[in-house]
Amino acid sequence: MKSLLKNDYGILVALMFVLAAPPILVKFGAMNSYYISILIFMALNTMIAVGLNLLVCHAGQISLGHAAFYGIGAYTSAILTVVYGCPLWVDVIAAMVLSGVIAYLVGAPTLKLKGHYLAVATMGLGIIAFIVMNEWHSVTEGPSGIVGIPRLKIFETVMRTDMQVYYLYWAIALIVILVAINILNSRVGRALRALHGSETAAAAMGVNVNSYKLKVFVISAVFAGLAGSLYAHYMTFISPPSFGLQFSIMLVLMIIVGGAETIWGALIGAVLITSMRAFLGEALGAYKDYDVIVYGLVMMVVMIFIPAGLAGGVSIIARKLKRGSAQPEEIGA
Amino acid sequence: MKRNRFGVFCSTALSVAILALALSGCSGDKGAKKEESAEPYKIGAIFSVTGRGAPIGQPERETAELMRDQINAAGGINGRMIELIVEDDEGDETKAMMAAKKLIEKDGVIAIIGPSLSGPTLAISQYVAEAQVPMVACAASVKIVDPVNPWVFQVALTDRHSVNKILTYLTSQGINKIAFINDSNAYGVSGKAEMTALAPKKGVEVVAWEAFGGEDTDMTPQLTRVKASGAEAIVVWGTNPGPAVITRNMKQLKMTIPLVQSHGVANMKYIELSGDSSEGVVLPAGRLIVANQLPDSDPQKQILLDYTKAFTEKYNKPPDHYGGHGYDAIMLTAKAVEKAGADRSLIRETLEKTTGFIGTDGIFNITPEDHNGLSEDSFVMVRVENGQWKLLDQ
Amino acid sequence: MAFARGSDKQTFDGPLLNVRNLTIRFGGLIAVNDVSFSVRSGCVKAIIGPNGAGKTTIFNLISGIYKPASGEIFLRNHRLDKMPMHMMAELGLSRTFQNVQLFHNMSVLENAMVGCHTRTRADLLPSILRTPGMRREERESRECAMENLEKVGLAGFADLPAGSLPFGKQRVLEIARALASDPELLLLDEPAAGLNTTETGEVGEIITSLKEKGMTILLVEHDMSLVMNISDEVVVVDYGKKIAEGTPTEVQNDAKVVSAYLGADLEAV
C-alpha cells in the first residue's frame, strides 16, 4: 500500500518533469509551438477524464452526459464574465460550484438507477443541457454562441500566449490528478471502490452507498465544470455544438481506451484521443479523409485485444514479465 | 497492492512515451519564416469537410482546389505556385482551433481561407488576429465582421444583406404586414435578429413571430396562427428540410399569400423537397444559380459561367453558392497576394482596400469599416417556375 | 473520535438482539412466518433448518437487505427494521455473505480496511487535503485491519488482490472484514459453505476463538458438526416457522426437529 502511494505521487512528479520538456524543446527550436496548443487541450481533457475515471472506473457508475457539465462550466464562465463583468477566477469557482450543484440535483434521483438505465438517464441529461444552451437565447445567445470571453489573468499578467496557458492549465490538471489520487487513497476512495465491488457488502460495512455515489458524481462534475470554464477562457468563444453528445462519448472513449485500473488511465486516454483527433489526419497524409474510419478501427482494436485499456494492458504485460522473473504472484489454492 | 506497482510504473512510462510520440513529429519544422522566391505561397484552408457542415465544406474545398490548380496552371502568382493546405475542422470549434494553430505555427501560412461555419470561425477569430494572419471566412454570421476584426474578412452574403433585399422586394410589392417563421438553429435565429432590427426601418410590420425545430415534420400550428394574424406575406428563415415542410403545409392549408424564403434554401434540394408546392415561391439568392439568365451586361456573368463550367467538368455536378464562397475566398486572397507578396500585414492591408473585385457572390468593395464588402445588390430575387429558378426583373 | 463507538452497552440489560414476530412474503409464499427469538450478549447462536426453510431470509431481514412485512428487530433498544443498511453497521452489526461478496477490485488489506469504515470519519475534504487527522485515521485503519487479518491468519496475504485468494481464504477474509468494524453482533451466513474439512475446521477455530473473547455471534450453517460444536443455542426453522429453540443437545432430541431432518443428519452428531 505504502509503495503504491509512493508510486502514484512519484509518477506525478515524473509527469511534472515530462511536462517541463515541451517548452524547452520549443525554446531550442526542436519542437513547433503548435504542439503546445494540443497539449493544452490534453490538459483540459485530462481534467474531465480524471473525474470520469473516478466515477466510472472506481465507483462503477456510468455517465454518458458529462459534456453537460463541461458546457455548464463553460457557459457559466462565459456569461458571468462577458455579460456581468464578473472578476476573473471568481467565475471559475462559480462554474465549478454550479456544475457541482446541478450534478447534485440531477444525481440524487438518477444515481439510484443502475447499468443501462443510468447510462440512458445521464445521456438524457446531456441532451437536455444541449437543448438549453441552444434554445435559451436570452441567456446563452443560442446557437450563435458567446464571443469575447476574456483570457485569464494571474495578478496583472494576462494569459495571452499558449506557453502561459500551457503552464497554468497543466498545473491545474496536475492538481486535479493529485486530488483524485488523494481521494482514491483514502477512506472515501475505498468506499467508492467497495461499492463498485459489491453494493450490498459495502452497505453492510457501513458505506452509505447512495451518498458516496452522489459525492463522486458531484466531484466528477466539478472537474468537468472546471475544464469547461478554462476551455471558455482559452477559446474566448463558445457555442453549443462543443458540448453535445459526441463529446460525452469521446470522454467515455478516453477512459475506456486509457484503462480503468488506475487514475493514470484517464491521462493516457486523454492524451491518446486528443492526439488522434489532432494528428491522425496529418499522419494519414493523402488518405486523411479516412481518418474517421481509422479512428473507429483503433478503438475497436483496443477494445478487442486490450479490453483492460492501455494502462491495464501494460500492467498485465508487466505482471506477466514479473512472474517470469521468479516472484510468485498468486498463492496456489 | 503490490501487483500494481510495476504496472502503474509502466503505464506512466507509456503515457510519457505517447506524449513523446505526439511530439515527435515536431523536430525540424520551424515554420516558414524565411521566404525564398522559388518557394510556393502557402495558403491555409479550414473547411468542414466532414461532420455537420460537410454539405458546405465539401464544395468549398473542391472549389478552392479547383482554383488553385487553375492559378498554378497559369504560372502561379508572381511566378510562385500556391500551396493550399486544407484542414478539416469537422464543424468542431476545438478542431478548428487546432487546425488554425497548425496552419499558422507549424505550416507558416500567409493567409487562411474559411472556416465554413460561423462557430468555428468565431472560435479562431481572436487567435488569428493575435497571430496577425489575415483570414477570409466563408461563414455567414454577421458577428464575424461586426464588430470589425482587423484580420478577419468575410465573403459570404450575410443575413443582413438578405433581410434588406427581402424588405426592399416586399415594399416594392406594396406589402407591409408580414409573418416571420424561423428555424431555431444559428441561421434562423440570426435571421430573426436582423429582421427585428431592420423591418421597422423599412416600414414593415411583423405581425406574427413563429419558430420551428429542424426535425419538425408538421408546421400547420404555426401557419394556422399566421393565418389568424392578418399577415400579407410569410417570410421563412431556415435551412432544409423545415422550409420545405412549411411550403407544403401552406399548400395543404390553401394559403395563398406570398411565401418568401431566405437564401438558406437557394438550392435544388429545396425544390425537390417541396415539389409542386414551391411554384411561385420567391427568395433572394446569389447570381450563381441564375447565371445564364443574367443580361450580358452583368459584370459577374462571365465569371459565373466560367466557374460553373470548370466545376462541372471536374466534379460532374453543378456548383452551389457554398462553392462560390470558396471561389471568392481564394480569389480575393490570391489577388491580395499578387500585390502584397508573402507579407501578412501587407496582405491584410491590400484586402482591406479591395474595390470592384468581381466574385461569385457579388462585387466586393471592402473598407476598414466593412470587412464583408458586399451589398444587398449582390442578391437577386428569384422565383420558382416549373421547378427551376427564374430571375425576377430588377 | 476515531475508533470509539458512543455506546449504550452499560445502560441496556436486555438481550443484544431481539427478533419479534418476523414475517415476510415473496409473492404468495410466506418465506418467514412469525419468527421470534433473541440473542444474549456473548452468546453464539445458530439458525439451522432444511434447505429452503428460510434461514438466509431471516438473516437478510436482520441485516437489512429485506424489509419485513411485519414484526420488529431490535439491537439493544435500536429498531433495525426501519433502518438503512449502512446505519446498522454504525450500530455495531456486521455480517458475512453465503455467496462471498468481497471487493475483488481491492487488496486483502484494503478489504479489511473497508471494515473500519464506520470507525473512521475522514470525509472528502480531509482526504483531499490529507490532514494530519485523516492520516492518523488511515494509520489506525491499517493497523486495525492488519490486526484482524492476523486474527484469521491472513496477515501474510495483505497486499494480494482479494480475488486471487483461494475460496476458503476468501471466506475467512470476509470474517476479518466484518471484525474490523468492531461489531457487537457478528452475523455469519453459512461460513463453512463450499469449504473442505480442513478449511471448515479452521473456520470453526476462528469462531471459537472469537467466542472466547466474548463476541456475540449469530450464524446460519448447514454443517451440523460445526454448529453443534460451537453454538451455545440453536434455533430450528422449517417452512419459515420456528419449530424449536434451545441448546444443541435439546434440539437434537426434539421430535419435530428430527422429523424435519428425517433423522439423518442429526444422528450423525
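About the thresholds
Residues numbered from 1 in each chain as written. Chains lettered and ligands numbered in written order. Predicted model: local features only at pLDDT ≥ 70, side-chain atom pairs only at ≥ 80, totals over all residues. Heavy atoms only, no water. Helix = DSSP H or I, 4+ residues; strand = E, 2+ residues; numbered from the N terminus. Rg over C-alpha atoms; globule rule 2.2 N^0.38 Å. Buried < 20%, exposed > 50% of the residue type's maximum accessible area, 1.4 Å probe, protein only. Contact = heavy atoms within 4.5 Å. Areas by Shrake-Rupley, 256 points an atom, 1.4 Å probe, with all protein chains shown as cover. Lys, Arg positive; Asp, Glu negative; His and termini not counted. Charge placed at Lys NZ, Arg CZ, Asp CG, Glu CD. Polar contact = N/O pair within 3.5 Å; in protein donor to acceptor, adjacent residues only side chain to side chain. Core = buried A, V, L, I, M, F, W, Y, C linked by side-chain atoms within 4.5 Å. Salt bridge = Lys/Arg side-chain N within 4 Å of Asp/Glu carboxyl O. Phe/Tyr/Trp six-rings, centres within 6.5 Å; stacked < 30°, edge-to-face > 60°. Lys NZ or Arg CZ within 6 Å of the ring centre and 35° of its normal. Pairing = 2+ DSSP bridges. Axes fitted to C-alpha atoms, helices over the stretch in contact; angles between N-to-C directions. Patch = residues over 30% accessible without salt bridge, like charges linked within 9 Å, V, L, I, M, F, W, Y side chains within 5 Å. Parallel < 35°, antiparallel > 145°, perpendicular 65-115°, else oblique. Left-handed = near helix turned anticlockwise from the far one by under 90°. Nonpolar A, V, L, I, M, F, W, Y, C, P; charged D, E, K, R; others polar. Expected span 1.5 Å × (residues − 1). Bend = angle between axes of the 7 residues up to and from the residue. pLDDT = per-residue confidence, 0-100.

Novice: I'd love a proper account of the overall build of chain C, names of residues and values included.
Specialist: The helix and strand inventory of chain C stands at eleven helices and ten strands. Against the 2.2 N^0.38 benchmark of 18 Å for 269 residues, chain C shows a C-alpha radius of gyration of 19 Å, consistent with a compact globule. Within the span of chain C, comprising 269 residues, buried residues form 57% of the whole. Looking at chain C alone, contacts between residues at least 24 apart form 68% of all its contacts between residues at least 6 apart. For chain C, the accessible surface area stands at approximately 11000 Å², while carbon and sulfur atoms represent 51% of it. Each charge class in chain C was averaged separately, 28 positive and 34 negative side chains, and the resulting centres sit 6 Å apart.

Novice: Pulling in residues and values, what's your account of the environment of B:Tyr270?
Specialist: Residues and elements named next belong to chain B. Position of Tyr270 relative to the elements: it lies in helix α9 (residues 268–274). Residue Tyr270 is classed as buried on the basis of its relative accessible area, which comes to 0%. Between the C-alpha atom of Tyr270 and that of Thr247, which follows or precedes it by 23 residues, the distance is 9.6 Å. Within the structure, Tyr270 has its side chain in polar contact with the side chain of Thr247 (distance 2.7 Å).

Novice: I'd like a rundown of the side chain of B:Arg348, residues and numbers included.
Specialist: Mapping B:Arg348 onto the fold places it in helix α12 (residues 344–352). Residues within four places of B:Arg348 in sequence aside, it is in contact with B:Pro134, B:Pro150, B:Trp151 and B:Phe153.

Novice: Summarise the nonpolar core; cite the residues concerned and give the values.
Specialist: Ranked by internal contacts, the top residues of the largest apolar core, which has 149 residues, are A:Met47, A:Tyr169 and A:Ile238. Take this core: its biggest share by element is 19 residues, from helix α2 (residues 34–58) of chain A. Non-local contacts of A:Tyr169, meaning those with residues more than four positions away in its chain, are made with A:Ile40, A:Ala43, A:Leu44, A:Met47, A:Leu152, A:Leu230, A:His233 and A:Tyr234. One finds B:Leu84, B:Ala266, B:Leu351 and B:Leu374 within the second-largest nonpolar core, a separate group that totals 72 residues.

Novice: Help me get a handle on helix α8 (residues 242–252) of chain B, residues and values and all.
Specialist: Residues and elements named next belong to chain B. Most of α8 is tucked away: eight of the eleven residues are buried. Taken as a whole, α8 has its buried residues at Gly242, Pro243, Ala244, Val245, Ile246, Thr247, Asn249 and Met250. On its buried face, α8 is in contact with β6 (177–183), β7 (205–212), α7 (220–229), β8 (233–237), β9 (259–261) and α9. Two residues or fewer after α8 comes Lys254, characterised by a positive phi angle close to 55°.

Novice: Before we move on, can you summarise the pattern of salt bridges with the specific residues and values?
Specialist: Per the counting criterion, the structure on display carries 39 salt bridges over all chains. Ionic pairing is found between B:Glu130 and A:Arg151, a salt bridge with its closest N-O pair at 2.7 Å. With B:Glu130 in helix α4 (residues 118–131) and A:Arg151 in the loop between α6 (137–140) and β1 (153–154), this pair bridges two chains. Salt bridges here are not isolated pairs; linked through shared partners, they connect C:Arg40, C:Lys45, C:Glu233, C:Lys242 and C:Glu245.

Novice: Can you tell me about the packing of aromatic side chains, naming the residues and giving the values?
Specialist: Under the defined criterion, the tally for this structure stands at 20 aromatic pairs over all chains. Judged by centre distance (5.4 Å) and plane angle (65°), the rings of A:Tyr70 and A:Phe243 are edge-to-face. Taken together, the residues A:Tyr70 in helix α3 (residues 66–82) and A:Phe243 in the loop between α10 (209–235) and α11 (245–258) connect sequence positions 173 residues apart. A:Phe243 carries the same exposure label as A:Tyr70, and that label is buried. Considering the side-chain rings of B:Phe357 and B:Phe364, the 5.9 Å spacing of their centres and the 55° angle between planes classify their relative orientation as tilted. The burial state of B:Phe357 is the same as that of B:Phe364; both residues are buried. The aromatic ring of B:Trp151 is capped on one face by B:Arg348, whose charged end is 5.6 Å from the ring centroid.

Novice: Could you give an account of the side chain of B:Ser278, naming the residues involved and the relevant values?
Specialist: Residue and element names in this part refer to chain B. Mapped onto the secondary structure, Ser278 falls in the loop between α9 and β10 (282–285). Among the residues examined, Ser278 registers a relative accessible area of 0% and is labelled buried. Not counting chain neighbours up to four residues away, the residues in contact with Ser278 comprise Thr247, Tyr270, Ile271 and Val384.

Novice: Break down the pairing of strand β9 (residues 233–238) of chain C for me, with residues and values.
Specialist: Residues and elements named next belong to chain C. Burial runs high along β9: six of the six residues are buried. The alternating pattern of β9 places Glu233, Val235 and Val237 and Val234, Val236 and Asp238 on opposite faces, both of which are buried. Here five bridges tie β9 to strand β10 (residues 241–246), and the two strands are oriented antiparallel to one another. Bridge pairing in β10 links Val236 to Ala244. Connecting β9 to the next strand, β10, in antiparallel fashion are two residues, including Tyr239 with a positive phi near 50°.

Novice: I'd like to hear about the sheet that holds strand β6 (residues 93–95) of chain C, residue by residue, with values.
Specialist: Residue and element names in this part refer to chain C. Across the sheet, six strands lie side by side as β6-β7-β8-β3-β9-β10; this open sheet has mixed pairing. Of all strands in the sheet, those with a lone pairing partner are β6 and β10, marking the two edges. For this sheet, the mean inter-axis angle between neighbouring strands, taken without regard to orientation, is 20°. With respect to the sheet, helix α1 (residues 55–62) is in contact with β3 (44–48), β6, β7 (185–189), β8 (216–220) and β9, its orientation differing from that of β8 by roughly 140°.

Novice: Outline a nonpolar patch on the surface, listing residues and values.
Specialist: All names here are of chain A. Where nonpolar side chains cluster on the molecular surface, the patch consists of Ile256, Tyr287, Tyr290, Ile293, Leu297, Met300, Val301, Met303, Ile304 and Phe305 and spans about 1100 Å² of accessible area. A total of seven residues in the nonpolar patch trace back to one element, the largest contributor, which is helix α13 (residues 291–305). Take Tyr287: it is sitting in the loop between α12 (264–283) and α13. By relative accessible area, Tyr287 is classed as exposed at 58%.

Novice: Summarise the packing of α11(A) against α12(A); cite the residues concerned and give the values.
Specialist: Residue and element names in this part refer to chain A. Packing of α11 against α12 leaves a shortest axis separation of 7 Å and a crossing angle of 120°. Accordingly, the angle class assigned to the pair α11 and α12 is oblique. Relative to α12, the crossing made by α11 is right-handed. Seen from α11, the contacting residues are Met250, Leu253, Met254, Val257 and Gly258; seen from α12, they are Gly265, Ile268, Gly269, Ala270, Leu272, Ile273 and Arg277. Looking at side-chain class alone, the contact of α11 with α12 contains eight nonpolar, three polar and one charged residues.

Novice: Outline α2(A), supporting the account with residue identities and numerical values.
Specialist: Along an α-helix, residues three or four positions apart point the same way, because every turn accommodates 3.6 residues. Residues and elements named next belong to chain A. For α2, spanning 25 residues, the distance from its first C-alpha to its last is 35 Å, which sits close to the expected 36 Å at 1.5 Å a residue. For α2, the principal kink sits at Leu52 and spans about 30°. In terms of burial, α2 is a largely internal element, 25 of the 25 residues being buried.

Novice: Got a sec to walk through the confidence of the model for chain A? Specific residues and values, please.
Specialist: Residues and elements named next belong to chain A. Per-chain confidence: chain A averages 88 in pLDDT, with 92% of residues scoring 70 or above. Per-element confidence in chain A is highest for α3, whose mean pLDDT is 97, and lowest for helix α14 (residues 309–324), whose mean pLDDT is 68. In this model, residues 1–5 is a region of pLDDT below 50 whose contacts with residues beyond four sequence positions or in other chains number eleven contacts. Predicted confidence is poor over residues 325–333, with pLDDT under 50, and the contacts of this stretch with residues over four places away or in other chains come to 14 contacts.

Novice: Give a detailed account of the sheet that holds strand β4 (residues 135–137) of chain B, specifying residues and quantitative values.
Specialist: Through backbone hydrogen bonds, the strands of a sheet pair up, either in parallel or in antiparallel fashion. Residue and element names in this part refer to chain B. Pairing is parallel across the open sheet formed by five strands, whose spatial order is β2-β1-β3-β4-β5. On the outer flanks of this sheet lie β2 (82–88) and β5 (152–154), each paired with one strand and no other. Mean inter-strand twist for the sheet, computed between neighbouring axes without regard to direction, equals 25°.

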